[in-house]
Amino acid sequence: MERTSVNSETISSLEEKARQLRVDIVKTLHKSQSGHTGGSLSAIDMVAALYFHVMRHKPADPKWEGRDRFVLCKGHAAPALYVALAEAGYFPKEDLMMLRRLGSHLQGHPDSKQTPGVEVCTGSLGQGLSMANGLALGLRLDGSESRVYALLGDGELQEGQVWEAAMAAGHYKLDNLCALIDVNRLQIDGEVAKVMNVEPVADKFAAFGWEVIDIDGHDMKAIVAALEQAATVKGKPTAIVARTVKGKGVSFFENKASYHGVAPSDEELPKALECLGEQCNL
Amino acid sequence: MSTMIATRDAYGQTLAELGEENAAVVVLDADLSGSTKTSVFAKKFPERFFNMGIAEANMVGTAAGLAAAGKIPFLSTFAIFAAGRGWEQIRQSLAYPKANVKVVATHGGITVGEDGGSHQSVEDIAIMRAIPNMTVIVPADGPETAKAIRAAAAYKGPVYVRLGRNKVPTVTVEDAPFEIGKGTQLADGNDLTFVTTGLMTAQALAAAKLLATEGISARVVHLATIKPLDGEILLKAARETGAIVTAEEHSVVGGLGGAVAEYLSENCPVPLRRIGINDRFGLSGKAEELIKYFGLMPADLAEAGREIVAKKRG
């Protein structure tokens, strides 16, 4: 893999940003007592790299034409997107405490009609990559420089529509598209490999005509380098296959399928924050 | 009633015109562009036409993405595949975000013919109508299709337009304006009203003529838009004629008949009969044979008209 042009200071600051966002995820989910913990924590390093280093966007002008687009295909990881949007300034951080509540603009799954910075509605798995393709085709028609980033889960790859979309992205040579696959190896019913094996993920995308970059999805340097490399690929879309840990950062959440859709309890909150190097002063 | 044109042909022609007028119009198809007539657009604007292959779910999602990028996507395939295979994608990726996508489904109903029940969509109006934010349009003829497609392009939001395969007579008034959500009275009458959509409007006009020879005066109200429903024209028909017969090339469950029954039973209950496919699948056969077999002929409508007038007079 090519080395990133980014200096170690930037990497450190992105790592710290990701740590803060993990704290926000844990606090937000604890407050709502509802939502998806494991998959939000596994994806947050990539989300942090995108929103605070790679993507061109203007939080004060969410519809700015020159922006890059982000599609959260694994919509249940909405908390990961919401904490990044709040941190970036799309809406006040206090709004996070209203996650999933009646009257909140933060729906259980991303809703483009309600949340500034959310591009499309996702949540029903398998549909996001198709929408990312459509965005990429539309932007290309307009001669736009903007890029499209789509974050998928590995369990989500069981949906046939993902492969229809993978085929189409390869066919239409969508080099303004980059898919990040959060391979955390767990889904609701247990191990992805046991429920319905999706591996070899990298080979599958490669077979559909994608450039594939296999990385450790928690290595910030590798994430940034992969995203930089993706932007240079011509004539085909890029898939970053990111090996991650579900629940990453909170030791007792890690690698547990049971934390897929369970929020931290009152007892778990201080321990979780401690794991993340944060004092609990609630 | 002189000109005969297939609604899908009118669609292809209008789409090509719209492509000329508006650079934001893009078109997607799933390997049926010759049949859906999107090929007319594809030939003129190859860079704005995307053949998505035999993959309807992805086609719907791609259209949603194109809409999010500011385009006005029209996507087409047969009604059974658009509304059937694409249902949840249409719900989640199009209707939920109010995406500006037009689903123009051809080969609706039983008149697809010989391909049989697997290819005959008799449920699409019902399932599209059930989705919030969705507009559902079933034009009666070629000229109305042209106007409906233009209206759909001008409307901001998801629209489902159901078209047919075969040539149908022109029954609407060619220079009448088309407005989404507005019904049209095509024949006046006092004894009953036929409320119809799609190609059944022509059948109802013929049935009204049959009844006129017997001294029964039948009104014909054509509803090109099934959702939103034109309550005003229905209420007027129910109050003034006191009996309703709906007719559609679709299941009697949940389509036009269902919509009219829901509305009138709450607002002005009158005797009502629904003509359509009686909760069963289609069959192979020639279109005209199937129309006869499933009881969608003018004589069938006239018989329903006689019965309901008798019921009304009690």
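Heads up: the structure comes first, above all this text.
In this text the structure is predicted, and so the values were computed from the model without any measurement.

**A short note on the sheet that holds strand S10 (residues 192-196) of chain B**
Residue and element names in this part refer to chain B.
Part 1 of the reasoning: Judged by pairing direction, the sheet is mixed, and its five strands sit side by side in the order S9-S11-S10-S13-S14 without closing on themselves. Because the sheet does not close on itself, it has two edges, and the strands there are strand S9 (184-187) and strand S14 (272-277). Taken pair by pair, the neighbouring strands of this sheet meet at an average axis angle of 25°, ignoring direction.
Part 2 of the reasoning: Bridge count for strand S13 (residues 244-251) against S14 is five bridges, and the pairing is parallel. Following the sheet pairing, Ile244 is matched in S14 by Leu272.
Part 3 of the reasoning: Against the sheet, helix H11 (residues 256-267) engages S10, S13 and S14, with an angle of about 145° to S13.

**A few points about empty space enclosed by the protein**
Part 1 of the reasoning: Under the defined criterion, the tally for this structure stands at three cavities of 30 Å³ or more.
Part 2 of the reasoning: What lines the largest cavity is a set of 18 residues, among which Pro139, Gly164, Gly198, Leu199 and Glu249 of chain B lie closest to the centre.
Part 3 of the reasoning: Along the lines of polarity and charge, the residues of the lining of the largest cavity split into seven nonpolar, seven polar and four charged.
Part 4 of the reasoning: Here the second largest cavity is characterised by a volume of approximately 50 Å³.
Part 5 of the reasoning: Forming the boundary of the second largest cavity are Tyr51, Met55, His57, Pro62, Arg67, Asp68, Arg69, Phe70, Tyr90, Gly117 and Glu119 of chain A.
Part 6 of the reasoning: Of the residues that constitute the lining of the second largest cavity, the class distribution is five nonpolar, two polar and four charged.

**Here we look at the packing of aromatic side chains**
Part 1 of the reasoning: Tallied over the entire structure, the rule returns ten aromatic pairs over all chains.
Part 2 of the reasoning: A ring pair is formed by Phe41 of chain B and Phe45 of chain B, whose centres lie 5.0 Å apart and whose planes are at 45°; its orientation type is tilted. Here the two residues Phe41 of chain B and Phe45 of chain B agree in accessibility, since each one is buried.
Part 3 of the reasoning: Between Tyr293 of chain B and Phe294 of chain B, the ring centres sit 5.1 Å apart and the planes meet at 80°, which makes this aromatic pair edge-to-face.
Part 4 of the reasoning: Judged by its relative accessible area of 52%, Tyr293 of chain B falls in the exposed class.
Part 5 of the reasoning: Taken together, the aromatic side chains of Trp163, Phe205, Phe208 and Trp210 of chain A make up a single cluster linked through ring pairs.
Part 6 of the reasoning: It is Lys17 of chain A that lies over the ring of Phe52 of chain A; its NZ or CZ is 4.8 Å from the centre.
Part 7 of the reasoning: If you follow Arg48 of chain B out to its NZ or CZ, it ends over the ring of Phe45 of chain B, 4.4 Å from the centre.

**Observations regarding the side chain of Ser124 of chain A**
Part 1 of the reasoning: Structurally, the position occupied by Ser124 of chain A is in the loop between helix H3 (78-88) and helix H4 (128-141).
Part 2 of the reasoning: Among the polar contacts listed, one links the side chain of Ser124 of chain A to the side chain of Gln127 of chain A, at a separation of 3.3 Å.
Part 3 of the reasoning: Within polar-contact distance, the side chain of Ser124 of chain A engages the side chain of Glu88 of chain B at 2.6 Å.
Part 4 of the reasoning: When sequence neighbours within four positions are dropped, the list of residues in contact with Ser124 of chain A reads Glu88 and Gln92 of chain B.

**Some points on the environment of Asn278 of chain B**
Part 1 of the reasoning: Tracing the backbone through its elements, the reader meets Asn278 of chain B in the loop between S14 and helix H12 (287-293).
Part 2 of the reasoning: Put simply, Asn278 of chain B and Glu248 of chain B are 30 residues apart on the chain and 11 Å apart in space, counted from C-alpha to C-alpha.

**Concerning the interface of chain B and chain A**
Part 1 of the reasoning: Taken residue by residue, the interface counts 25 residues in chain B and 24 residues in chain A.
Part 2 of the reasoning: Buried area between chain B and chain A, summed over both chains or domains, comes out near 1900 Å², and the portion from carbon and sulfur atoms is 58%.
Part 3 of the reasoning: On inspection of chain B and its partner chain A, the count reaches one salt bridge.
Part 4 of the reasoning: Between Asp142 of chain A and Lys71 of chain B there is a salt bridge, and its shortest N-O distance comes to 2.4 Å.
Part 5 of the reasoning: At the surface where chain B touches chain A, the tally comes to twelve residue pairs in polar contact (both at pLDDT 80 or more).
Part 6 of the reasoning: Sorting the residues of the side of chain B that touches chain A by element identifies strand S3 (49-51), helix H4 (56-68) and helix H6 (87-95) of chain B as the ones contributing at least two each.
Part 7 of the reasoning: At nine residues, the largest contribution of residues to the side of chain B that touches chain A is made by H4 of chain B.

**What about the sheet that holds strand S4 (residues 72-78) of chain B?**
All names here are of chain B.
Part 1 of the reasoning: If you trace the seven strands from one edge of the open sheet to the other, you get S3-S2-S4-S5-S7-S6-S12, paired in mixed fashion. Bordering the open sheet on either side are S3 and strand S12 (225-227), each of which pairs with just one other strand. Across the sheet, the mean angle separating the axes of adjacent strands is 20° when strand polarity is ignored.
Part 2 of the reasoning: Two elements, strand S5 (residues 102-106) and strand S7 (residues 159-162), share four bridges in a ladder whose sense is parallel. Bridging across to S7, Ala105 finds its partner in Arg162.
Part 3 of the reasoning: Where H4 meets the sheet, its contacts fall on strand S2 (25-29), S3 and S4, and the angle it forms with S4 comes to roughly 165°.

What counts, and where the lines are drawn
- All chains use their own residue numbering, which begins from 1 and follows the written sequence.
- Just so you know, chain letters begin at A and ligand numbers begin at 1, following the order they were written in.
- Owing to the predicted nature of the model, reporting of local features is limited to residues with pLDDT of at least 70; listing and counting of side-chain atom pairs is limited to 80 or more, with chain, interface and lining totals taken over all residues.
- Side-chain numbers here rest on the full set of heavy atoms in the structure, without hydrogens or water.
- By this definition, two strands are paired if DSSP reports at least two bridges between them.
- The secondary structure listing takes helices from DSSP runs of H or I that are at least 4 residues long and strands from runs of E that are at least 2 residues long, numbered from the N terminus.
- Whenever a helix is involved, its axis is fitted only over the stretch in contact; in every case the axis is a line through C-alpha atoms, and angles between N-to-C directions fall within 0 to 180 degrees.
- Note on definitions: a residue-residue contact is assigned when non-hydrogen atoms from the two residues lie within 4.5 Å.
- Lining residues are defined by having an atom within 4 Å of a point belonging to a cavity or pocket. Those points lie on a 1 Å grid over the protein atoms alone, cavities being sets where a 1.4 Å probe fits but cannot get out and pockets being open sets with protein on both sides within 12 Å along at least five of seven lines.
- Grid points are joined across faces, edges and corners, and a volume is the space filled by probe spheres set on the points.
- Residues are sorted three ways: Asp, Glu, Lys and Arg are charged, Ala, Val, Leu, Ile, Met, Phe, Trp, Tyr, Cys and Pro are nonpolar, and all the rest, Gly among them, are polar.
- A pair of Phe, Tyr and Trp rings is counted when the ring centres sit within 6.5 Å of each other, with Trp represented by its six-membered ring. The angle between the planes then sorts it: under 30 degrees is stacked, over 60 is edge-to-face, the rest tilted.
- Note on exposure labels: buried denotes an accessible area under 20% of the residue type's maximum, exposed denotes more than 50%, and partly exposed covers the range between, all computed with a 1.4 Å probe on protein chains only.
- Geometrically, a lysine NZ or arginine CZ counts as sitting over a ring once it is within 6 Å of the ring centre and also within 35 degrees of the ring normal.
- We define a polar contact as two N or O atoms separated by no more than 3.5 Å, with the added condition that, inside protein, one atom must be a possible hydrogen donor and the other a possible acceptor, whereas residues neighbouring each other in sequence contribute only through side-chain atom pairs.
- Buried area: the sum, over both parts, of the accessible surface (1.4 Å probe) that disappears when the two are put together.
- Think of a salt bridge as a Lys or Arg side-chain nitrogen and an Asp or Glu carboxyl oxygen that are within 4 Å of each other.

Taken by themselves, the reported measurements are silent on function.
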